[in-house]
Amino acid sequence: MTLILKDKAALRAWRAALPAGQKLAFVATMGALHAGHVSLMEQARQAADLVIVSIFVNPLQFGPNEDLSRYPRPLEADLARLEAAGVDALFLPSVADMYPEGASTFVDESMVSLPLCGAERPGHFRGVATVVLKLFNLVQPHVALFGQKDAQQCAVIERMVRDLDVPVEIRRGAIVREADGLALSSRNIYLSPADRAEAPLIYQSLRAVEAAYRAGEHDAEKLAALGLAELAKSERIVPQYWEVRDPESLGVIAKVGSRGALLAVAAQLGTTRLIDNLLLVPAIAASADRLADC
Ligand code: PAF
């Protein structure tokens, strides 16, 4: 049975009563849970004795013209998923509880949050970092899991945790995809049937660039241009960016070298903004990993 903690006071009381030796894993969400979230919950279960999930549609990370008011909030279905995944507790605070009147302190990561989605959505990562630090302070988890689909969000949170000495281990969960390659996202339900039919092209563009890289093309600009050319096969997809970046700093690179690269794409399909990414791992590192696994 998933215990519902409706405010900070209830969460603090629950947290304070946990036995000291129990390891706690945390999955922060905005609800509209899908198989990607469930896979994070399963990894959380493997990592710890107890699992807590938060559902909080964080107004601070939405821009003025974004989808805050229409963001899906299917609470009954979410509760059923939490129960089925054996989640111990759900933190379900209100906006007023999370942001007291006059709140004026924010977390600004000032490097990895700037390019890509940071440039397209000013203030977004400030909102994410602020709410995630608040959640960490409240939940005090030993481990927290975030989905690799939001690779830049993962990078911002990892930086924040490192730079501000937050005592939590961050783990990334692999992207979960539909059979046709579309990365799972709570926003996929907005796609019209026609847009949904073309959405897998985003992942196909990533795979095409990966294939070009494996065939010997290492020039970042050429690889990105190839990705954009793949997306241009659809008239419905309007790209926001298609970039080949350093996998950690997300800085611009001229060539894909020994550190590999993050292929990152954002595109608009109708009224829906989709993001996806793929890590290019150099063959030497990939085969060393395989050897280590043996
Ligand atoms: O990835 C999300 O759902 C949100 O950005 C997060 C991490 C829950 C913060 O609101």
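One can find the structure itself at the top, above this paragraph.
Quick summary incoming for the structure in this document.

About the criteria used
Residues numbered from 1 in each chain as written. Predicted model: local features only at pLDDT ≥ 70, side-chain atom pairs only at ≥ 80, totals over all residues. Heavy atoms only, no water. Near = heavy atom within 4 Å. Polar contact = N/O pair within 3.5 Å; in protein donor to acceptor, adjacent residues only side chain to side chain. Nonpolar A, V, L, I, M, F, W, Y, C, P; charged D, E, K, R; others polar. Helix = DSSP H or I, 4+ residues; strand = E, 2+ residues; numbered from the N terminus. Buried < 20%, exposed > 50% of the residue type's maximum accessible area, 1.4 Å probe, protein only. Contact = heavy atoms within 4.5 Å. Arc of directions from axis to C-beta. Core = buried A, V, L, I, M, F, W, Y, C linked by side-chain atoms within 4.5 Å. Phe/Tyr/Trp six-rings, centres within 6.5 Å; stacked < 30°, edge-to-face > 60°. Pairing = 2+ DSSP bridges. Axes fitted to C-alpha atoms, helices over the stretch in contact; angles between N-to-C directions. Parallel < 35°, antiparallel > 145°, perpendicular 65-115°, else oblique. Left-handed = near helix turned anticlockwise from the far one by under 90°. 1 Å grid on protein atoms, 1.4 Å probe; cavity = no way out; pocket = protein on both sides within 12 Å on 5 of 7 lines; lining within 4 Å. Points joined across faces, edges and corners; volume = space filled by probe spheres on them.

**Observations regarding the site of the ligand**
- Close contacts around the ligand come from A28, T29, M30, N58, Q61, V131, F146, D150 and Q153, and that covers them all.
- Measuring from an oxygen atom of the ligand, one finds a side-chain N or O atom of Q61 at 2.6 Å.
- The contact in question runs from an oxygen atom of the ligand to an N or O atom on the side chain of Q153, over 2.7 Å.
- Of the residues in the shell around the ligand, the class split is four nonpolar, four polar and one charged.

**Considering the side chain of D246**
- Residue position: D246 is located in the loop between β7 (237-245) and β8 (261-269).
- A relative accessible area of 9% places D246 in the buried class.
- Of the polar contacts made by the side chain of D246, one reaches the backbone nitrogen of E248; its length is 2.9 Å.
- If we ignore the near neighbours within four places in the chain, the residues touching D246 are G251, I253, R259 and L262.

**Describing helix α1 (residues 8-16)**
- Buried residues of α1: K8, L11, W14 and R15, and no others. Projected onto a plane normal to the axis of α1, the buried residues spread over an arc of 125° and lie on a single side. Exposed residues pointing more than 90 degrees away from the buried face of α1 are listed as A9 and A16.
- In this structure, the buried residues of α1 make contact with β1 (3-5), β2 (24-29), β3 (50-55), β4 (89-91), α4 (95-98) and α6 (124-139).

**A closer look at the nonpolar core**
- Judged by nonpolar contacts, the single largest core of 45 residues is most densely connected at I52 and F136.
- Elements that contribute at least two residues to this core include exactly α1, β2, β3, β4, α6, β5 (143-147), α7 (151-163) and β8.
- Here this core gets ten residues from one element, more than from any other, and that element is α6.
- Setting aside chain neighbours within four positions, we find I52 in contact with L5, L11, W14, L24, A25, F26, V27, A89, F91 and V139.
- Core analysis: the next-biggest nonpolar cluster, separate from the first, contains 27 residues, Y213, A224, V256 and A267 among them.

**Regarding the packing of aromatic side chains**
- The final tally for this structure, using the stated rule, is four aromatic pairs.
- Seen in terms of ring centroids, F26 and F136 are 6.3 Å apart; in terms of plane orientation they differ by 75°. Their pairing is edge-to-face. One end of the pair, F26, is in strand β2; the other, F136, is in helix α6, and 110 residues separate them in sequence.
- For F26, a relative accessible area of 1% gives the class buried.

**What to know about the pairing of β2**
- Most of β2 sits inside the fold, with five of its six residues counted as buried.
- Two elements, β2 and β3, share six bridges in a ladder whose sense is parallel. By the bridge assignment for β3, F26 is matched with I52.
- Pairing analysis gives three bridges linking β2 to β5, with the strands arranged parallel. Across the sheet, the residue bridging to F26 is A144, located in β5.

**Some thoughts on the packing of α6 against α7**
- Between α6 and α7, whose axes approach to 10 Å, the crossing angle comes to 55°. Considering their axes alone, α6 and α7 lie oblique with respect to each other. Considering the relative orientation of α6 and α7, their crossing is right-handed. Of the residues in α7, those touching α6 at F125, V128, A129, V132, L133 and F136 are Q152, Q153, V156, I157, M160 and V161.
- Across the contact of α6 with α7, the residue classes tally to ten nonpolar, two polar and no charged.

**Examining the sheet that holds strand β9 (residues 272-280)**
- Reading across the sheet, the three strands line up as β7-β8-β9 and stay open at both edges, with antiparallel pairing between neighbours. Among the strands making up the open sheet, the edge pair consists of β7 and β9. Taking each pair of neighbouring strands and ignoring which way they run, the sheet shows an average axis angle of 15°.
- Pairing of β8 with β9 involves nine bridges; the strand directions are antiparallel. The residue bridging V265 from the neighbouring strand is D276, located in β9.
- The strands that helix α9 (residues 201-214) touches are β7, β8 and β9; relative to β9, the one it contacts most, it runs at about 20°.
- Strand contacts of helix α10 (residues 220-231): β7 and β8, with the helix running at about 160° to β7, the strand carrying the most contacts.

**Points about empty space enclosed by the protein**
- Here the structure, examined in full by the defined rule, presents one cavity of 30 Å³ or more.
- For the largest cavity, the full set of lining residues is K149, L182, A183, S185, N188, I202, L274, I275 and D276.

**What to know about unusual backbone geometry**
- Positioned with a positive phi, D165 is a non-glycine residue whose angle comes to about 55°.
- Taking the relative accessible area as the measure of exposure, D165 reaches 65% and is therefore exposed.

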